[in-house]
Amino acid sequence: HVSVLDAGFVLGDGVWEGIRVHQGVCLFLADHIERLFEGAKGIAMNLALTKEELARHIYRTLDANAMTDNVHIRLMATRGLKPTPYQNPQCIIGDPTIVVLAEHKKADPETKTRGISLGTCPILRGPANVQDPMWNSHSKLNCIAACIHANFMHVDEAIMLDPHGFVATCN
């Protein structure tokens, strides 16, 4: 269970990675773990375990649930439990919370033939000095707002531009 006072829940203070599993292998696992550690470093969060320990946690989760194919993992790390919802990251109790959320999620084969519909939304993806777009952070409100606009536009995904008008991401 994750407490309502977990920094990721109460403040969006954390980082995550999405990992696909194919035939028992976590695709690009070393790259995903490296990016998770870089994101944690960027927000001054010590994950309190090694990259190898994290990889073992992931494979233990898959093994315990007999998950080998058509699996998506959301690997999440938050700063951990807070005594109160105070924003200062030094106000923390104990180690970070690490969650390996594995779910069966088979890609829709129709997407290859049908494709997806896109629409450009007015919500911008901010610059790195606002929120580094290279980090998958728990603070995703601007991407959620873009999803809302995609729903209003009746398209599958929203294209988000950067402040200079270039394509930044698609949610």
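What you see is a predicted model, and the numbers here were worked out from it, not measured in a lab.

Participant: Tell me about the pattern of salt bridges, residues and numbers included.
Facilitator: Counted by the stated rule, this structure contains five salt bridges. Between Glu 17 and Arg 35 there is a salt bridge, with its nearest N and O atoms 2.8 Å apart. On the criterion of sequence distance, the pair formed by Glu 17 in strand β1 (residues 14-22) and Arg 35 in helix α2 (residues 29-42) is long-range, its members being 18 residues apart. The class for Arg 35 is partly exposed, based on a relative accessible area of 35%.

Participant: Just give me the short version of the pairing of strand β6 (residues 157-161), but keep the residues and values in it.
Facilitator: Note: strand β5 (residues 118-120) against β6, three bridges, orientation parallel. Paired with Gly 119 across the two strands is Ala 158, which belongs to β6. Across three bridges, β6 lies against strand β7 (residues 167-170) in antiparallel orientation. Each residue of the ladder has a partner; that of Met 160, found in β7, is Thr 169.

Participant: Account for the sheet that holds strand β3 (residues 71-78), naming residues and giving values.
Facilitator: Pairing within the open sheet is antiparallel, and its four strands lie in the order β2-β1-β3-β4. Two strands close off the open sheet at either side, each with one partner strand: β2 (25-26) and β4 (97-104). Of the strands in this sheet, β1, β2 and β3 touch α2, which is tilted by about 175 degrees from β1.

Participant: Explain a nonpolar patch on the surface to me, and be specific about the residues and the numbers.
Facilitator: Taken together, the side chains of Leu 141, Ile 144, Ile 148 and Phe 152 make up a nonpolar region of the molecular surface, amounting to roughly 460 Å² of accessible area. Tracing the backbone through its elements, the reader meets Ile 144 in helix α5 (residues 141-153).

Participant: So, the side chain of Asp 162: which residues are in play, and what are the values?
Facilitator: Tracing the backbone shows Asp 162 in the loop between β6 and β7. Although Asp 162 lies buried, it forms no salt bridge, and the closest oppositely charged side chain, Arg 125, sits 10 Å away as judged by the N-O distance. A distance of 2.8 Å separates the side chain of Asp 162 from the backbone nitrogen of His 164, its partner in a polar contact. Excluding residues that lie within four positions of it along the chain, Asp 162 makes contacts with Leu 124, Arg 125 and Ala 168.

Participant: Can you tell me about the sheet that holds β7, naming the residues and giving the values?
Facilitator: Pairing within the open sheet is mixed, and its three strands lie in the order β5-β6-β7. Bordering the open sheet on either side are β5 and β7, each of which pairs with just one other strand. Strand after strand, the sheet turns through a mean of 30 degrees between neighbouring axes, direction not considered. The strands that α5 touches are β5 and β6; relative to β6, the one it contacts most, it runs at about 130 degrees.

Participant: Please set out the layout of surface pockets residue by residue, giving values where relevant.
Facilitator: Taken as a whole, the largest pocket holds about 260 Å³ of empty space. Around the largest pocket sit Trp 16, Arg 74, Arg 125, Asn 136, Lys 140, Cys 143, Ile 144, Cys 147, Thr 169, Cys 170 and Asn 171, which together line it. Those elements that provide at least two residues to the lining of the largest pocket are α5 and β7. Broken down by element, the lining of the largest pocket gets its largest block of residues, three residues, from α5. Counted by class, the lining of the largest pocket contains five nonpolar, three polar and three charged residues.

Participant: Break down the packing of α2 against helix α3 (residues 51-64) for me, with residues and values.
Facilitator: Two elements in contact, α2 and α3, have axes whose closest approach is 11 Å; the angle formed by their N-to-C orientations is 120 degrees. Of the possible angle classes, the one that applies to α2 and α3 is oblique. Crossing of α2 over α3 shows right-handed handedness. Counting all contacts with α2, which are made through Leu 29, Ile 33, Glu 34, Leu 36 and Phe 37, the residues of α3 involved are Lys 51, Leu 54, Ala 55, Ile 58 and Tyr 59.

Criteria and cut-off values
Residues numbered from 1 in each chain as written. Predicted model: local features only at pLDDT ≥ 70, side-chain atom pairs only at ≥ 80, totals over all residues. Heavy atoms only, no water. Salt bridge = Lys/Arg side-chain N within 4 Å of Asp/Glu carboxyl O. Helix = DSSP H or I, 4+ residues; strand = E, 2+ residues; numbered from the N terminus. Buried < 20%, exposed > 50% of the residue type's maximum accessible area, 1.4 Å probe, protein only. Pairing = 2+ DSSP bridges. Contact = heavy atoms within 4.5 Å. Axes fitted to C-alpha atoms, helices over the stretch in contact; angles between N-to-C directions. Patch = residues over 30% accessible without salt bridge, like charges linked within 9 Å, V, L, I, M, F, W, Y side chains within 5 Å. Areas by Shrake-Rupley, 256 points an atom, 1.4 Å probe, with all protein chains shown as cover. Lys, Arg positive; Asp, Glu negative; His and termini not counted. Polar contact = N/O pair within 3.5 Å; in protein donor to acceptor, adjacent residues only side chain to side chain. 1 Å grid on protein atoms, 1.4 Å probe; cavity = no way out; pocket = protein on both sides within 12 Å on 5 of 7 lines; lining within 4 Å. Points joined across faces, edges and corners; volume = space filled by probe spheres on them. Nonpolar A, V, L, I, M, F, W, Y, C, P; charged D, E, K, R; others polar. Parallel < 35°, antiparallel > 145°, perpendicular 65-115°, else oblique. Left-handed = near helix turned anticlockwise from the far one by under 90°.

Taken by themselves, the reported measurements are silent on function.
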